[in-house]
Amino acid sequence: MKVSVIIPCYKSELFLEKTFHEVEASLKDTIHEIILVNDYSPDGTYEVIKKIVNENENVTGINMAKNFGQHAALMAGFAHASGDIVLCMDDDGQTPACEIHKLLDSLDDNTDVVYAKYKVKKHVWYKNIGSYLNSKMTEWMLDKPKELYISSFFVARKYVVEEILKYNHSFPYVIGLVLRTTGNIKNVAVEHRERETGHSGYSVFKLVSLWMNGFTAFSVKPLRVADLLGLVTAVIGFGYMLFLIIRRLAIGYSAVMGWNSLISIILFIGGLLMMIMGMAGEYIGRTYLSINNAPQYVIREVCTKTEDGKYESSFQTIH
C-alpha cells in the first residue's frame, strides 16, 4: 500500500531537511510520497523545499499564496495525495518520524484513523494549556470521546481523506472533519521530542483563531449557551423585581439601591448582551464568507520532478 506523507511547513528552513531525511529513512521499505506544503513562510523554507524536490523523485512541493494556517495547508496536501493511507506530521522534528510505523501498524481492519498520543508533551507552556483546552472543547462541542487524544501526528485511510475533501467551505478544521466522518479512531503511544531550534508557529492568537474555527464550523452549542445565559439573566432580573414588589407591599420599604450595585448590574447585563451579539455575529460573519466562496487556500506554485528526472514547477491557483 502506498503512503502519502503530508508535512505543513512554516518557518522550518533550519530543520526541514533533517525531518525529511528521517521520514525517508523510516519509510525506505514502503512505497510512499512526501508532500511539503509551505504556508507562506517568511524565511527560506520554500527554497529548502525546492532543493528537496530537485533531489528526490517522490516529493511534491506546494507553495501557498499567503498564510492560511496549518489546517488549510493539510487540506491542500490532501488534495494532492495519491496514497492508500495518508500520514500527517509536523515539520519541526518534535513528532518522531522514526515511530511512523507504530501508527501504520495500528491501522487494522477495525480502525480508520490513528492518532499519536505523546507520553510526555514537550511544547512551550502556553501551547500545552492550549492543547488541554482544545481537548475539552472538542469533547463538549464535537462529541470527541473523553479517552481519545488528538494530535497533529496521525494516519488516516484514503476514504476518510476523500470525505474530508468534500468540505469546501472556508475555515477548515481537520479534527472536526475527522470526528464527523468516522468513529473508528484509536491512539498509539509515541515519544515527543524537545524542539532543537526555532519557535512554535502557533501564537496565542493563532490558537484562539483555531478554536473559533472549530466550534463555529461544527457546533451551535455556543449559541445555545448564549441563550441559556440570557434566560438565566432574565430570570434573575424578574426574581429581583418580584422581591422588590413583595418587600414594598409587606413592609413598605422602598429605599433606593446604591449607585455602585446599579452600575454593576448594568455593566454585567450590557457585557452579557454584547458577548451574545458577538457570538452570533461570529457565526453570521463566517457564514457570509462561506457564501461568498472565500477560499480555504490558494496555491501559488507546485513543484515536482518528472519521470525523466527533470525538475518541473508550475504556477496555479486552487481554491
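Here's what I pulled together on the structure shown here. Keep in mind the model is a prediction, meaning the values are calculated, not measured. (Residues numbered from 1 in each chain as written. Predicted model: local features only at pLDDT ≥ 70, side-chain atom pairs only at ≥ 80, totals over all residues. Heavy atoms only, no water.)

**Focus: the packing of helix α3 (residues 70–80) against helix α7 (residues 174–181)**
In step 1: Packing of α3 against α7 brings their axes to within 9 Å, and their N-to-C directions diverge by 55°. Relative to α7, α3 is oriented oblique. Contacts between α3 and α7 involve His71, Leu74, Met75 and Phe78 from the former and Val174, Ile175 and Leu177 from the latter.
In step 2: When grouped by side-chain class, the residues that make up the contact of α3 with α7 number 6 nonpolar, 1 polar and no charged. (Axes fitted to C-alpha atoms, helices over the stretch in contact; angles between N-to-C directions. Helix = DSSP H or I, 4+ residues; strand = E, 2+ residues; numbered from the N terminus. Parallel < 35°, antiparallel > 145°, perpendicular 65-115°, else oblique. Contact = heavy atoms within 4.5 Å. Nonpolar A, V, L, I, M, F, W, Y, C, P; charged D, E, K, R; others polar.)

**Remarks on the pattern of salt bridges**
In step 1: Using the criterion set out here, one finds 8 salt bridges in the structure.
In step 2: Notably, a salt bridge pairs Lys51 with Glu55, separated by 3.3 Å at the nearest N-O pair. One end of the pair, Lys51, and the other, Glu55, are both in helix α2 (residues 45–55), 4 residues apart, so they sit about a helical turn from each other.
In step 3: Lys51 sits in the partly exposed class, given a relative accessible area of 37%.
In step 4: It is possible to trace a salt-bridge network through shared partners that takes in Glu17, Lys51 and Glu55. (Salt bridge = Lys/Arg side-chain N within 4 Å of Asp/Glu carboxyl O. Buried < 20%, exposed > 50% of the residue type's maximum accessible area, 1.4 Å probe, protein only.)

**Looking at the nonpolar core**
In step 1: Ranked by size, the top nonpolar core spans 37 residues in total, and within it Ile6, Val37, Phe78 and Val113 carry the most contacts.
In step 2: The element contributing the most residues to this core is α3, with 6 residues.
In step 3: Setting aside chain neighbours within four positions, we find Val37 in contact with Ile6, Ile7, Pro8, Cys9, Ile62, Met64, Ala73, Ala76 and Gly77.
In step 4: With 32 residues, the next largest nonpolar core counts Ile34, Val59, Val114 and Cys303 among its residues. (Core = buried A, V, L, I, M, F, W, Y, C linked by side-chain atoms within 4.5 Å.)

**Some thoughts on the environment of Leu16**
In step 1: In this fold, Leu16 is placed in helix α1 (residues 16–26).
In step 2: Sequence spacing of Leu16 and Val48 is 32 residues, and the spatial spacing of their C-alpha atoms is 7.5 Å.
In step 3: The residues touching Leu16, leaving out its near neighbours within four places in the chain, are Cys9, Leu36, Thr45, Val48, Ile49, Ile52 and Asp91.

**Quick word on a nonpolar patch on the surface**
In step 1: Taken together, the side chains of Leu228, Leu231, Val232, Val235 and Ile236 make up a nonpolar region of the molecular surface, amounting to roughly 480 Å² of accessible area.
In step 2: Relative to the assigned elements, Leu231 resides in helix α9 (residues 221–251).
In step 3: For Leu231, a relative accessible area of 53% translates into the label exposed. (Patch = residues over 30% accessible without salt bridge, like charges linked within 9 Å, V, L, I, M, F, W, Y side chains within 5 Å. Areas by Shrake-Rupley, 256 points an atom, 1.4 Å probe, with all protein chains shown as cover.)

**Let's talk about unusual backbone geometry**
In step 1: Of note, Tyr40 is a non-glycine position whose phi angle comes to about 55°, a positive value.
In step 2: Using a relative accessible area of 48% as the deciding quantity, one classes Tyr40 as partly exposed.
In step 3: With a phi angle near 60°, Phe171 is a residue other than glycine that sits in the positive phi range.
In step 4: Take Phe171: it is sitting in the loop between α6 (158–164) and α7.
In step 5: Among the residues examined, Phe171 registers a relative accessible area of 26% and is labelled partly exposed.

**As for α2**
In step 1: Within the sequence span of α2, burial applies to Thr45, Tyr46, Val48, Ile49, Ile52 and Val53. End-on, the buried residues of α2 take up no more than an arc of 155°, which puts them together on one face. (Arc of directions from axis to C-beta.)

**Quick word on the packing of aromatic side chains**
Aromatic rings considered in pairs are described by the distance between their centres and by the relative angle of their planes.
In step 1: Counting across every chain of the model gives 2 aromatic pairs.
In step 2: Note on Tyr118 and Tyr149: the rings are 6.2 Å apart at their centroids and 80° apart in plane angle, and the pair reads as edge-to-face. Remark: Tyr149 occurs in the loop between α5 (125–141) and β6 (154–157) and Tyr118 occurs in strand β5 (residues 113–118); sequence separation between them is 31 residues.
In step 3: Its relative accessible area of 8% is what places Tyr118 among the buried residues.
In step 4: A cation over a ring is seen here: Lys66 above Phe68, with NZ or CZ 5.6 Å from the ring centre. (Phe/Tyr/Trp six-rings, centres within 6.5 Å; stacked < 30°, edge-to-face > 60°. Lys NZ or Arg CZ within 6 Å of the ring centre and 35° of its normal.)

**A word on the sheet that holds strand β2 (residues 32–38)**
In step 1: The strand order across the open sheet built from 9 strands is β7-β5-β6-β4-β1-β2-β3-β8-β9, with neighbouring strands paired in mixed fashion. A single partner strand is all that each edge strand has here, and the edge strands are β7 (185–190) and β9 (311–315). In this sheet, neighbouring strand axes are inclined to one another by 20° on average, regardless of whether the strands run parallel or antiparallel.
In step 2: The pairing of strand β8 (residues 299–305) with β9 spans 5 bridges and is antiparallel. Each bridged residue has a counterpart across the sheet, and for Thr304 the counterpart in β9 is Glu312.
In step 3: Against the sheet, α1 touches β1 (3–9), β2 and β3 (59–64), its axis set at about 160° to β2.
In step 4: Seen against the sheet, α7 touches β5, β6 and β7 and runs at an angle of roughly 130° to β5. (Pairing = 2+ DSSP bridges.)

**So, the environment of Pro8**
In step 1: Among the secondary structure elements, Pro8 is positioned in strand β1.
In step 2: Residue Pro8 is classed as buried on the basis of its relative accessible area of 9%.
In step 3: Here the alpha-carbon distance between Pro8 and Asp92, two residues 84 residues apart in the chain, equals 9.9 Å.
In step 4: When near neighbours in sequence (up to four residues on either side) are disregarded, Pro8 contacts Val37, Gln70, Ala73, Leu74, Met89 and Asp91.

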